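# Analysis of the macromolecular model
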Amino acid sequence: NAMPLPGVNVIIKGTSRGVSTDFDGNYSLEVNQGETIVISYLGFTSQEIVYNGQSKIDVTLEEDASQLDEVVLIGYGSTTKQDATGAVEKVDDKAFNRGAIVAPQQLIAGKAAGVRVTSSGGSAGSGGEIRIRGGASLSATNDPLIVIDGLPIDQRGGAQGSANALNAINPEDIADFVVLKDASATAIYGSRASNGVILITTKKGSANQPLKVEYGLQASTRRITNTVDVLSAAQYRALASNSAFDSSTLGNANTDWQDKIYETGTGAIHNITVSKGYESFNYRVNFNHASQEGPLSGDLYERNGFNTSFVQRLLDNDLKLTLVAKGIKDQFFYADQGAIGSAVAFDPTQSVFDENGDYTQLGDPLAPVNPITLLEQNQNRSNIKRFISNFNIDYKFWFFNDLKFKLKAGID
């Protein structure tokens, strides 16, 4: 209708370069020849325009009713995007990050405005810190509440020994994330939701679906690209000869200690899924095996998990029974990260083993420990067995369709 649209996103495709339109719908953007400009706004069809040297590009957006009619969860139930009054954002399977992803939160990294997922390191099985609109507490946790198929789960006390509590959920089993960002989430879930809520819905198959058997394999490698710049053995000896350094303590080797502790970590994720849907009943069963090596020698994460869902509809579809159950076994083999500092500080003229076949040590109690000793003699392990299940009853009263009864019961 030719009315100006403020707040429209104008972004260079595949980059983070972009602007928003002002109150009059105007924008200014530096673009290189051949780049694609993406114009998007909630409730309107996005447009892509290839830049070919134009000095001015005017855009008319058309309403997209299907976007406004998209169903989103809001805690108590569901509504459409156009009727949602709070700050709600949905990220579904089509928008997820791709690749051999072990931690579920990595699926939405960079995909939702106001939601920051920060990697907690490169160790095997590590996830990331989730912050919705930044941190709000000085002493308490700033983690959002995670709700899986209606069941709030404990990220802290319920998964001791885990590098990432959300690893209990197979990323391949997730249908969508809905992020509740504002104070209305607290009204539903209480103080646990003061840092926002992330609603996770898992896949459950569909009615009248033929038997489907699927197998998926994703493989990955992980390698350190940059190491700390340290003296080589030759440079170390030259420094010793030109100072008051006691050169008698030097060895005869030429050891790159950082090269010794790092390796190319490999990983594989296997998914086997069986699903079928009848007129009033459907099920989905998934087995997942994930194995991921970290770049630090000896660092390993393995997960074996069964994910099942069963949906039964009765009484002319007025009554819906849903059972979801997940059984997961996580195994972490933690490498001693103190080896990283020791590798930077250890004498490069020393060999890994001394003449007696023992790990070389420098003798001085203040000297760093041989980093290979820290890795080889470390026995920090954890085994986590977790069961998450919930049963939902949805009943639509026959005499008044807008009146519904819902019961949710779950265990973690």
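Scroll up to find the structure this text is about.
Residues numbered from 1 in each chain as written. Predicted model: local features only at pLDDT ≥ 70, side-chain atom pairs only at ≥ 80, totals over all residues. Heavy atoms only, no water.

### Quick notes on empty space enclosed by the protein
What the rule picks out here adds up to 1 cavity of 30 Å³ or more. Together, D173, T202, K203, R284, N307, T308, S309, V324 and K326 line the largest cavity. Within the residue set of the lining of the largest cavity, elements represented by two or more residues are β17 (300-314) and β18 (319-334). With 3 residues, β17 is the single largest residue contributor to the lining of the largest cavity. When grouped by side-chain class, the residues that make up the lining of the largest cavity number 1 nonpolar, 4 polar and 4 charged. (1 Å grid on protein atoms, 1.4 Å probe; cavity = no way out; pocket = protein on both sides within 12 Å on 5 of 7 lines; lining within 4 Å. Points joined across faces, edges and corners; volume = space filled by probe spheres on them. Helix = DSSP H or I, 4+ residues; strand = E, 2+ residues; numbered from the N terminus. Nonpolar A, V, L, I, M, F, W, Y, C, P; charged D, E, K, R; others polar.)

### Let's talk about the packing of aromatic side chains
On inspection of all chains with the given rule, the structure shows 12 aromatic pairs. With 5.5 Å between their ring centres and 45° between their planes, F397 and F399 make a pair best called tilted. By relative accessible area, F397 is classed as partly exposed at 21%. Taking 5.0 Å as the distance between ring centres and 90° as the angle between the ring planes, the aromatic pair formed by W398 and F399 counts as edge-to-face. For the pair W398 and F399, one class covers both residues: exposed. Grouped by ring-pair contacts, the aromatic residues Y395, F397, W398 and F399 constitute a single cluster. (Phe/Tyr/Trp six-rings, centres within 6.5 Å; stacked < 30°, edge-to-face > 60°. Buried < 20%, exposed > 50% of the residue type's maximum accessible area, 1.4 Å probe, protein only.)

### Let's talk about the pairing of β17
Across a regular strand the side chains alternate sides, sitting on one face of the sheet and then on the other. Where strand β16 (residues 281-293) meets β17, 13 bridges bridge the pair, whose relative direction is antiparallel. Across the sheet, residue H289 finds its bridge partner in β17, namely N304. If you look at the hairpin formed by β16 and β17, you'll find 6 residues sitting between the two strands, and G298 has a positive phi there, around 90°. With 15 bridges connecting them, β17 and β18 associate as antiparallel partners. Following the sheet pairing, E302 is matched in β18 by Q331. (Pairing = 2+ DSSP bridges.)

### Concerning helix α5 (residues 338-345)
Because each turn of an α-helix spans 3.6 residues, side chains separated by three or four positions end up pointing in the same direction. Of the positions making up α5, those classed as buried are A339, S342 and A343. Projected down its long axis, α5 carries its buried residues within an arc of 100°, all on one side. The inward-facing, buried residues of α5 contact α4 (257-261) and α6 (371-376). (Arc of directions from axis to C-beta. Contact = heavy atoms within 4.5 Å.)

### Here's the deal with the sheet that holds strand β14 (residues 212-222)
Through backbone hydrogen bonds, the strands of a sheet pair up, either in parallel or in antiparallel fashion. On the basis of which strands lie adjacent, the open sheet formed by 7 strands has the order β14-β15-β16-β17-β18-β19-β20 and antiparallel pairing. Looking at the sheet topology across the chains shown, the edges are occupied by β14 and β20 (404-411). Mean inter-strand twist for the sheet, computed between neighbouring axes without regard to direction, equals 10°. (Axes fitted to C-alpha atoms, helices over the stretch in contact; angles between N-to-C directions.)

### Let's talk about the nonpolar core
Counting residues in each nonpolar core, the largest one holds 24 residues, and the members touching the most others are F96, I146, I174, F177, I198 and I200. Where this core is concerned, the elements lending two or more residues are β8 (115-119), β9 (128-132), β10 (145-148), β11 (151-153), β12 (174-180) and β13 (197-202). With 3 residues, the top contributor of residues to this core is β12. In contact with I200, other than residues within four places in its own chain, are I146, V147, I148, D149, I174, D176 and F177. (Core = buried A, V, L, I, M, F, W, Y, C linked by side-chain atoms within 4.5 Å.)

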